[in-house]
Amino acid sequence: MKLRTFFSLASSALLFTYSIQAQSTNVVDFESINGSTPTDGMSISNQFQAEFGISFRRTDGGFPVIAKKGPPRTAFPTAFGGTLLDDELRPDYPFKTNFGSYFLTDDGRTDTAGIGLIVDYDSPVAQAGGYVLDIDTTEAWTITAYSDDGATMVAQLVLAPGQSGVGDGLPTVWSFVRPTADIRQIRLLHTGPQSVPGLAFDNFSPSQLPPILPAVLNVGFHAVVSIDGSVGRAYRLEHAPTADSTNWNTLTNIVLPTSPWHFIDFESPGPPERFYRAIGLE
């Protein structure tokens, strides 16, 4: 399905002057646990199962915990302005307010053997997504979708420094879009050489997806694309050098974590025009 297309302005610097203040209740953002405010160190397992059909566990058999941004440091530091910020995204990240005060992490493990998170779905889903925070230095995350309890892989991706949208103090989106509902489990494993990686996950898409709505794109000044659509549903963002192009290139597939959601096109060519469109994936 082709959706409304807007044209870009010349892309050279990122300038954005507003932010999003509210999170959708259709996203597991850990800002509320069964209607109550979470606390640092709170264990998370099946608290979201009744509403979303989703539960969490660690690869070693334990359970992840809640961490709150700010000191004391639980998961990761962000270098900014000559200082290290504790468990916070970069202050100059233009959409920092898309992420609240709490995120999911481990319980202080310091070894890398099997370190990671398992997301289980009560019923198989066709789409799944979320964010890994602060992938830097020698960290790397392999994210795998399974049709069962970790035996039959149906999709996989790797997030590592050097990729678009990956870096110190940044949230990196990941998503899977399948032709059929065959995802029963997601595993997020640290596979980089860093000895003590910081685990930080946020804004998981729900397993129960609402009806899809048309996506409306607004290209923010200088290569920032704002997407309005159905939270929890999948879209493919594409670009082309001309509006009437027959050769559109995929920028990314996303499961919309909030609406509006903003994509920064770090690969935009600068002064030449670039055109964008979004395609809703059924």
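Residues numbered from 1 in each chain as written. Predicted model: local features only at pLDDT ≥ 70, side-chain atom pairs only at ≥ 80, totals over all residues. Heavy atoms only, no water.

A.B. asks: Where do I start with the pattern of salt bridges in this structure?
C.D. replies: It is possible for side chains bearing opposite charge to pair when their charged atoms get close. According to the stated counting rule, one finds 10 salt bridges in the structure shown. Arginine 73 is the partner of aspartate 86 in a salt bridge, and the nearest nitrogen-oxygen pair spans 2.8 Å. Highlighted residues: aspartate 86 in strand E5 (residues 83-86) and arginine 73 in the loop between strand E3 (65-68) and strand E4 (77-80), separated in sequence by 13 residues. Aspartate 86 gets classed as buried once you look at its relative accessible area, which sits at 16%. Between arginine 90 and aspartate 92 there is a salt bridge, with its nearest N and O atoms 2.8 Å apart. Among the charged side chains, a salt-bridge network with shared partners connects Arg57, Asp120, Asp149 and Arg187. (Salt bridge = Lys/Arg side-chain N within 4 Å of Asp/Glu carboxyl O. Helix = DSSP H or I, 4+ residues; strand = E, 2+ residues; numbered from the N terminus. Buried < 20%, exposed > 50% of the residue type's maximum accessible area, 1.4 Å probe, protein only.)

A.B. asks: How should the sheet that holds strand E2 (residues 54-58) be read in this particular structure?
C.D. replies: Sheets are built from strands that pair by backbone hydrogen bonding, the pairs being arranged parallel or antiparallel. Taking strand neighbours across the sheet as the criterion, the five strands line up as E2-E7-E12-E9-E10 in an open arrangement whose pairing is antiparallel. Each edge of the open sheet carries a strand with a single partner, namely E2 and strand E10 (153-159). Averaged over all neighbouring strand pairs, the angle between strand axes comes to 15 degrees, with direction disregarded. Direction of pairing for strand E9 (residues 141-146) relative to E10: antiparallel, over a ladder of six bridges. Of the residues in E10, the one forming a bridge with threonine 142 is valine 158. (Pairing = 2+ DSSP bridges. Axes fitted to C-alpha atoms, helices over the stretch in contact; angles between N-to-C directions.)

A.B. asks: In this structure, what is going on with unusual backbone geometry? I would like to understand it.
C.D. replies: The general pattern is negative phi for most residues beyond glycine and trans for most peptide bonds. Residue proline 72 follows proline 71 across a cis peptide bond; omega there is -5 degrees. Inspection of the secondary structure assignment puts proline 72 in the loop between E3 and E4. Located in the positive-phi region is aspartate 87, a residue other than glycine, with phi close to 55 degrees. Along the chain, aspartate 87 falls in the loop between E5 and strand E6 (102-105). Accessibility expressed as a relative area gives 2% for aspartate 87, which makes it buried. Positive phi outside glycine occurs at threonine 137, with the angle close to 45 degrees. Here threonine 137 is to be found in the loop between strand E8 (127-133) and E9.

A.B. asks: Help me out: how do you make sense of the environment of threonine 152 in this one?
C.D. replies: Looking at the element boundaries, threonine 152 is found in the loop between E9 and E10. In this structure, threonine 152 is in contact with Ala145, Tyr146 and Ser147, ignoring residues within four places of it in sequence. A polar side-chain atom of threonine 152 sits 2.6 Å from a polar atom in the side chain of aspartate 148. (Contact = heavy atoms within 4.5 Å. Polar contact = N/O pair within 3.5 Å; in protein donor to acceptor, adjacent residues only side chain to side chain.)

A.B. asks: Teacher, can you tell me more about the pairing of strand E19 (residues 275-281) here?
C.D. replies: On a regular strand, each side chain points to the face opposite its neighbour's, so the side chains alternate between the two faces of the sheet. By the criterion of burial, E19 is predominantly enclosed, with seven of the seven residues buried. The side-chain alternation of E19 yields two buried faces, one formed by Phe275, Arg277, Ile279 and Leu281 and the other by Tyr276, Ala278 and Gly280. Summarising the sheet, strand E16 (residues 234-240) and E19 pair through seven bridges and their orientation is antiparallel. Each bridged residue has a counterpart across the sheet, and for histidine 239 the counterpart in E19 is tyrosine 276.

A.B. asks: Looking at this structure, I do not really get the nonpolar core. What am I missing?
C.D. replies: One recurring pattern in soluble globular proteins is that nonpolar side chains are buried together. The biggest cluster of nonpolar side chains holds 33 residues, and the ones touching the most others in it are Phe56, Trp174, Ile186 and Leu188. Looking at this core, the element that brings in the most residues is strand E7 (residues 116-125), giving four residues. For isoleucine 186, the residues in contact, after removing those within four places along its chain, are Leu117, Ile118, Val119, Tyr121, Ala128, Ile143, Thr144, Ala145, Trp174 and Phe176. In this structure, Ile227, Leu256, Trp261 and Phe263 belong to the second largest nonpolar core, which totals 24 residues. (Core = buried A, V, L, I, M, F, W, Y, C linked by side-chain atoms within 4.5 Å.)

A.B. asks: Quick question: what am I supposed to make of the side chain of aspartate 202 here?
C.D. replies: On the secondary structure map, aspartate 202 appears in strand E13 (residues 201-202). When neighbours within four sequence positions are excluded, aspartate 202 is seen to be in contact with Val28, Asp29, Phe30, Phe99, Tyr102, Phe103, Gly130, Tyr131 and Leu133.

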